[in-house]
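Structure assessment
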Amino acid sequence: MPNDNAAHSIGFIDVHAHYLTESYLRRARAAGHELPDGMPAWPTWSAEAHLALMDRSGIATAMLSLSSPGVHFGDDRQARALARDVNKEGAQAVREHPGRFGLFASLPLPDIDGSLTELAHALDVLRADGVILMTNAHGVYLGDSRLEPVFAELDRRNTTVLLHPTSPVCWEHTALGRPRPMLEFLFDTTRTVTDLILAGIVERYPRVQFIVPHCGAALPVIADRINGFRLLLGDPTSPDVVAQLRSLHYDTAGTAFPRHLEALLRLVDPSQLLYGSDYPWTPAPIAELHTAAFTAFPGPSTAESWLDLTTANASRLFPRLANPEHLRAERFS
């Protein structure tokens, strides 16, 4: 049986971990997502199975979030109701297993009013640790001016935001019949982060703590190219792309070793790195191998392991996880 009393201070803090609910699966399938993002099937999830994986892998706490395709299937009213339902179920898992789970709440974007209402409920009532934003919402990317009120409120609340890829609207022409998480997810992450920077969102709202998934996707390789085009376009007031990228946080979900994480470290400081498993979309056996790699590969310095580094970084973003008294209070709240 998973141990809810495991010492949370000696394991990984997993910022990229997902959950699913039966009601969500029913609604997603009814909306036509039988093969989500071209994957062969939906994974199964339960708190018990997740905790068992965490105990086997040395993961102290997992920050739960709802993955792609998100909660908005075309109808604002239904999306608001679905966001409320999945957030309540995620918060229940956090309450039932103090210290083991956290929550990134879902918002019904591109519905602005609904998202502002759900943001307030998630943070004030459910006590979520942050929010998750898909890289686009029906083709509306995160630098779009229509989303400005949402980012203004996220900034006012000093919110941590996990970015998560989803299928672009043109996937029928670009995925070439392959699952979109293989390539399209990485390109959509790269696209929306570039949009956030060039639209000035990162610069205007510095109190939003962005987490970029999957070792930064393609950004470590093409950051200088993007910055070069900024200079080519000749706007002296536009943000320096490389400098802005260095201010963001990055999770290590996916295939971090042996090349992707090394490329990311040529762009950002190790203080920006966070651990991510991507469970259950990454099946348990592969997720366990991914975690084991962080022990097998040397840390960024001889004095610090990946566990020590990423856990310290995550504790700065989520100080409640480093506060045993707060965790004990959660058990009885």
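Predicted, not measured: the structure shown is a model, and the values here were computed from it.

**Side note on the pattern of salt bridges**
- Summed over all chains, the structure comprises 15 salt bridges.
- Note that Arg-29 and Glu-34 form a salt bridge whose closest N and O atoms lie 3.2 Å from each other.
- Judged by its relative accessible area of 44%, Glu-34 is partly exposed.
- Ionic pairing is found between Arg-230 and Asp-240, a salt bridge with its closest N-O pair at 3.4 Å.

**Focus on a nonpolar patch on the surface**
- On the surface, Met-182, Leu-183 and Phe-187 cluster together to form a nonpolar patch covering roughly 280 Å² of accessible area.
- Of the residues examined, Phe-187 reaches a relative accessible area of 40% and is grouped as partly exposed.

**Re unusual backbone geometry**
- The peptide bond linking Ser-68 to Pro-69 adopts the cis configuration, its omega dihedral lying at 15 degrees.
- For Pro-69, the position within the fold is in the loop between strand E2 (59–65) and helix H3 (76–96).
- Phe-257 connects to Pro-258 through a cis peptide bond whose omega is 5 degrees.
- In this structure, Cys-215 takes a positive phi of about 55 degrees despite not being glycine.
- By the secondary structure assignment, Cys-215 is in the loop between strand E8 (209–212) and helix H9 (219–232).
- Positive phi, normally seen in glycine, also occurs at Ala-217, with a value near 55 degrees.

**What about the side chain of His-214?**
- Looking at the secondary structure, you find His-214 in the loop between E8 and H9.
- In this structure His-214 touches His-16, Pro-165, Leu-186, Asp-251, Ala-253, Gly-254, His-260 and Asp-278, once residues within four positions along its chain are discounted.

**Quick word on the nonpolar core**
- Judged by nonpolar contacts, the single largest core of 75 residues is most densely connected at Leu-133, Phe-151, Phe-210 and Leu-245.
- Non-local contacts of Phe-151, meaning those with residues more than four positions away in its chain, are made with Leu-133, Leu-142, Leu-196, Ile-201, Tyr-205, Val-208 and Phe-210.
- If you look at the next biggest cluster of nonpolar residues, it comprises 13 residues, including Val-15, Met-134, Leu-317 and Phe-318.

**Some points on the sheet that holds strand E1 (residues 12–18)**
- Reading across the sheet, the 8 strands line up as E1-E2-E3-E4-E7-E8-E9-E10 and stay open at both edges, with parallel pairing between neighbours. Each edge of the sheet is formed by a strand with only one pairing partner; in this case those strands are E1 and strand E10 (273–274).
- Pairing analysis gives 3 bridges linking E2 to strand E3 (residues 101–106), with the strands arranged parallel. Bridging from a neighbouring strand, Leu-64 pairs with Leu-103 of E3.

Here is what the cut-offs are and how they apply
- Residues numbered from 1 in each chain as written.
- Predicted model: local features only at pLDDT ≥ 70, side-chain atom pairs only at ≥ 80, totals over all residues.
- Heavy atoms only, no water.
- Salt bridge = Lys/Arg side-chain N within 4 Å of Asp/Glu carboxyl O.
- Buried < 20%, exposed > 50% of the residue type's maximum accessible area, 1.4 Å probe, protein only.
- Patch = residues over 30% accessible without salt bridge, like charges linked within 9 Å, V, L, I, M, F, W, Y side chains within 5 Å.
- Areas by Shrake-Rupley, 256 points an atom, 1.4 Å probe, with all protein chains shown as cover.
- Helix = DSSP H or I, 4+ residues; strand = E, 2+ residues; numbered from the N terminus.
- Contact = heavy atoms within 4.5 Å.
- Core = buried A, V, L, I, M, F, W, Y, C linked by side-chain atoms within 4.5 Å.
- Pairing = 2+ DSSP bridges.

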